[in-house]
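# Chains, contacts and geometry: an overview
Chain by chain, the residues:
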Amino acid sequence: MILLGTAAGGGCPQWNCACVLCTAGLPPRTQDCAAISAGDGWYLLNCSPDIRAQILGTPELRAGPGPREIPLRGVLLTDAELDHTLGLLMLRESGGLPVWAPPAVLTALSPFSSVVDSYGGWTWSSVVDLPGLRVEVLPVSDKRPKYASASDGPWVVAYRISDPATGGVLVYAPCLRSWPAGFDEFVADASLVLLDGTFYAPDEMAGVGGPDQLAMGHLPITAGLPRVAGRRWAFTHVNNTNPVLDPASPEHAAVLAAGATLPPDGSRFTL
Ligand code: MLT
Ligand code: MN
Ligand code: ZN
């Protein structure tokens with residue numbers, strides 16, 4: 001598994017933001033996206049607006065050996081938010097890929113799908129089928145994107161992806177509004193859990209005049225940290241307001257002290 005991007009919507013620095021962290025000269029982070037492989041081709045977990053740079057910066061994902069051959073085999077979406085889906089439009093030259101997402105997400109994305117379908121080869125389904133991997137889906141929240149019209153969820157899911165060949169289990173849950181029912185069982189034997197690290201504390205967006213975190217559909221890290229003990233957990237989808245981005249901050253130290261990590265873009269994990 002490769003973490004292609006580890007920031008929340010807007011990345012860090014965010015183009016329209018002059019907050020302390022966006023102007024601190026920290027190593028940049030692109031928007032949340034990961035790639036997984038069981039040996040034959042790569043699948044994207046979400047598809048960020050930064051996907052072009054993420055692919056070009058990742059030797060495993062670059063085209064070849066044929067002139068237009070690519071190693072991407074499909075895309076799994078956890079939700080319909082633009083920071084997780086705009087990259088699909090950037091991949092219009094792919095020749096088409098299978099996209100898997102919950103039904104409400106596919107409906108919300110129908111304007112996108114009608115655009116990229118014109119370029120050919122895309123399929124859209126709620127029944128995930130990754131050759132060589134077992135995928136389980138857990139609905140985790142009904143937080144609907146601002147642009148989408150109301151309809152029944154689930155709007156956000158987490159994925160539990162197991163490789164029967166290695167026994168490795170990855171849980172990918174970058175958007176959690178609360179600790180979802182069934183989540184403890186879902187992560188019980190995971191080799192690695194990638195968890196929503198958008199905000200550290202419940203009042204963080206106040207500093208940039210934003211809505212509160214729970215309204216934005218993100219459980220603060222402080223609420224999840226006590227549950228980390230003894231597991232291999234890493235936070236991703238980190239917002240540019242989150243003090244953990246500064247390695248010298250007490251909040252960063254608290255995450256590490258709890259036994260979790262804050263891997264940078266480009267981190268690789270073998271499970
Ligand atoms: C989110 O993660 O809550 C969304 O990406 C917010 C947004 O970008 O509008
Ligand atoms: Mn987001
Ligand atoms: Zn900022």
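Here's a quick rundown of the structure. (Residues numbered from 1 in each chain as written. Chains lettered and ligands numbered in written order. Predicted model: local features only at pLDDT ≥ 70, side-chain atom pairs only at ≥ 80, totals over all residues. Heavy atoms only, no water.)

### What to know about the coordination of the manganese ion (ligand 2)
Those donors, Asp 83 (OD) and His 237 (NE2), are the protein atoms that reach the manganese ion (ligand 2), and they lie 2.1 to 2.2 Å from it. Taken together, the residues Asp 83 in helix α2 (residues 82-85) and His 237 in the loop between β11 (233-236) and α8 (250-257) connect sequence positions 154 residues apart. (Donors = N, O, S within 2.8 Å, 3.2 Å for Na, K, Ca; no water. Helix = DSSP H or I, 4+ residues; strand = E, 2+ residues; numbered from the N terminus.)

### Some points on unusual backbone geometry
Note the cis peptide between Cys 12 and Pro 13, where omega equals 0°. Among the structural elements, Pro 13 can be located in the loop between β1 (2-5) and β2 (33-36). The step from Gly 153 to Pro 154 runs through a cis peptide bond, and the omega angle for that step is 5°. Notably, Asn 46 is not glycine yet its phi reads approximately 70°, a positive angle. You will see that His 237, though not glycine, has its phi angle at about 55°, which is positive. Classification of His 237 by relative accessible area gives buried; the value is 4%. (Buried < 20%, exposed > 50% of the residue type's maximum accessible area, 1.4 Å probe, protein only.)

### Quick word on the site of ligand 1
Contacts to ligand 1 come from Glu 81, Asp 83, Lys 143, Met 216, His 218 and His 237. For ligand 1, an oxygen atom lies 2.8 Å from a polar atom in the side chain of Asp 83. Interatomic distance of 2.7 Å between a side-chain N/O atom of His 218 and an oxygen atom of ligand 1. Classifying every residue of the shell around ligand 1 by side-chain character gives 1 nonpolar, 2 polar and 3 charged. (Near = heavy atom within 4 Å. Polar contact = N/O pair within 3.5 Å; in protein donor to acceptor, adjacent residues only side chain to side chain. Nonpolar A, V, L, I, M, F, W, Y, C, P; charged D, E, K, R; others polar.)

### Things to note about the coordination of the zinc ion (ligand 3)
Those donors, Cys 17 (SG), Cys 19 (SG), Cys 22 (SG) and Asn 240 (OD1), are the protein atoms that reach the zinc ion (ligand 3), and they lie 2.2 to 2.7 Å from it. Because the angles between the 4 donor atoms bound to the zinc ion (ligand 3) fall within 96 to 119°, the donor set is best described as tetrahedral. Positions of the donor residues of the zinc ion (ligand 3), expressed as sequence spacing, correspond to C-x1-C-x2-C-x217-N. On the criterion of sequence distance, the pair formed by Cys 19 in the loop between β1 and β2 and Asn 240 in the loop between β11 and α8 is long-range, its members being 221 residues apart. Of the two residues examined, Cys 19 and Asn 240, each falls in the buried class. (Tetrahedral: all angles 85-135°; square planar, octahedral: opposite > 155°, others 65-115°.)

### Describing the packing of aromatic side chains
Enumeration according to the criterion identifies 5 aromatic pairs in this entry. Judged by centre distance (5.8 Å) and plane angle (20°), the ring pair of Trp 122 and Trp 124 falls under stacked. A relative accessible area of 22% places Trp 124 in the partly exposed class. Centre to centre, the rings of Trp 179 and Phe 183 are 5.2 Å apart; their planes meet at 85°, and the pair counts as edge-to-face. Counting every residue linked through ring pairs, the aromatic cluster contains Trp 179, Phe 183, Phe 186 and Trp 233. (Phe/Tyr/Trp six-rings, centres within 6.5 Å; stacked < 30°, edge-to-face > 60°.)

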